[in-house]
Amino acid sequence: MRVLLGVSGGIACYKVAGLVSQLVKANHEVRVVMTPAATQFVGPVTFEAMSQHPVMLDIFDTGLGGHHLSPVEHIDWAKWAQIAVAAPLTACTLGKMANGIADNALTTVWLALPPAVPQILCPAMNTQMWENAAVQRNVAWLAAQPQVTLVGPIFKRLADGDVGIGGLAEVPEIVTAIAGTGVTGE
Ligand SMILES: Cc1cc2nc3c(=O)[nH]c(=O)nc-3n(C[C@H](O)[C@H](O)[C@H](O)COP(=O)(O)O)c2cc1C
């Protein structure tokens, strides 16, 4: 299966390296697109090594210095994906997805995804952020889209020390949700 993984800038970024590892071991192809904020948490080299593929960071990064083979690689990646997983999904990127904003590589690829491609969205954030009315409105809109499956957030002790809702779903739960879409692919 060809899995597009969108990583946005939350503290749970490091956990997603384990997800990539599991997917690759299960013989899935994984391509990772990161927001600039995500690279503050985990370097792209980690995801490049684990996915055995260049990470997309910047849609304008063409030419000899970049990894890009085509100036519209963001569209190529969106067409390539059989399933798209956003983990961790920040409040910010979630809001952009719900409002059709495409101002970085992740949000641009996401907006270009064909509607038939299943999306597994795994939000993770501080409890107050999750309960914010604007975030809840955005989540409700996304969850109502037929191609979207929301996984988490879960109740746990969060990185900020609070105990509450907002944790990234555990990797096995995300893997189960991916399997549950019924996409098999080669
Ligand atoms: C240490 C630290 C941890 C953060 N963790 C989260 C988080 O778990 N979830 C979240 O939505 N934002 C978190 N943020 C805030 C985001 O990084 C910030 O909103 C950023 O603009 C998100 O950009 P992106 O969605 O483009 O990646 C955190 C910020 C810092 C400094």
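See above for the structure.
Procedures and definitions
- Residues numbered from 1 in each chain as written.
- Predicted model: local features only at pLDDT ≥ 70, side-chain atom pairs only at ≥ 80, totals over all residues.
- Pairing = 2+ DSSP bridges.
- Helix = DSSP H or I, 4+ residues; strand = E, 2+ residues; numbered from the N terminus.
- Axes fitted to C-alpha atoms, helices over the stretch in contact; angles between N-to-C directions.
- Near = placed C-beta within 6 Å.
- Nonpolar A, V, L, I, M, F, W, Y, C, P; charged D, E, K, R; others polar.
- Parallel < 35°, antiparallel > 145°, perpendicular 65-115°, else oblique.
- Left-handed = near helix turned anticlockwise from the far one by under 90°.
- Contact = placed C-beta atoms within 7 Å.
- Buried ≥ 20, exposed ≤ 12 C-beta atoms within 10 Å, placed from the backbone.
- Arc of directions from axis to C-beta.

Participant: Quick rundown of the sheet that holds strand β2 (residues 29–34)? Include the residues and the values.
Facilitator: To summarise the sheet geometry, strands pair through backbone hydrogen bonds and adopt either a parallel or an antiparallel arrangement. Read across the open sheet, the five strands follow the order β2-β1-β3-β4-β5; overall the sheet is parallel. Single-partner strands in this sheet number two, and they are β2 and β5 (148–150). The mean inter-strand angle of the sheet, taken between neighbouring strand axes irrespective of direction, is 20°. With three bridges connecting them, strand β4 (residues 119–123) and β5 associate as parallel partners. Residue pairing across strands places Gln119 opposite Val148, the latter belonging to β5.

Participant: So what's going on with the site of the ligand? Which residues, and what values?
Facilitator: Lining the immediate environment of the ligand, one finds 15 residues, of which Gly9, Gly10, Thr35, Ala37 and Thr90 sit closest. Of all the elements, helix α4 (residues 91–99) adds the most residues to the shell around the ligand, at three residues. Across the shell around the ligand, the residue classes tally to nine nonpolar, six polar and no charged.

Participant: Break down the packing of α4 against helix α7 (residues 133–143) for me, citing the residues and quoting the values.
Facilitator: The interhelical angle for the contact between α4 and α7, taken along N-to-C directions, is 50°, at an axis separation of 9 Å. With respect to their mutual orientation, α4 and α7 come out oblique. Here the hand of the crossing between α4 and α7 comes out left-handed. Two secondary-structure elements touch here, α4 through Ala91, Leu94, Gly95, Met97 and Ala98 and α7 through Ala134, Val135, Asn138, Val139, Trp141 and Leu142. Split into classes, the residues belonging to the contact of α4 with α7 amount to nine nonpolar, two polar and no charged.

Participant: Could you give an account of the pairing of strand β7 (residues 163–167), with specific residues and numbers?
Facilitator: Across four bridges, the pairing between strand β6 (residues 154–157) and β7 is antiparallel. Its bridge partner lying in β7, Arg157 is registered against Val163. In textbook terms, the turn of a hairpin is the stretch between consecutive antiparallel strands, and for β6 and β7 this stretch comprises five residues, one of which, Gly161, has a positive phi near 95°.

Participant: Please set out helix α8 (residues 171–180) residue by residue, giving values where relevant.
Facilitator: Listing the buried residues of α8 in full gives Ile174, Ala177 and Ile178. Each buried residue of α8 sits inside an arc of 100° when the element is viewed along its axis, so together they form one side. Away from its buried face, by an angle of more than 90 degrees, α8 presents the exposed residues Pro172, Thr176, Ala179 and Gly180. Tucked inside the fold, the buried residues of α8 contact α1 (13–25), β3 (83–89), β4 and β5. Where α8 terminates, the next one or two residues include Gly182, which has phi positive at roughly 80°.

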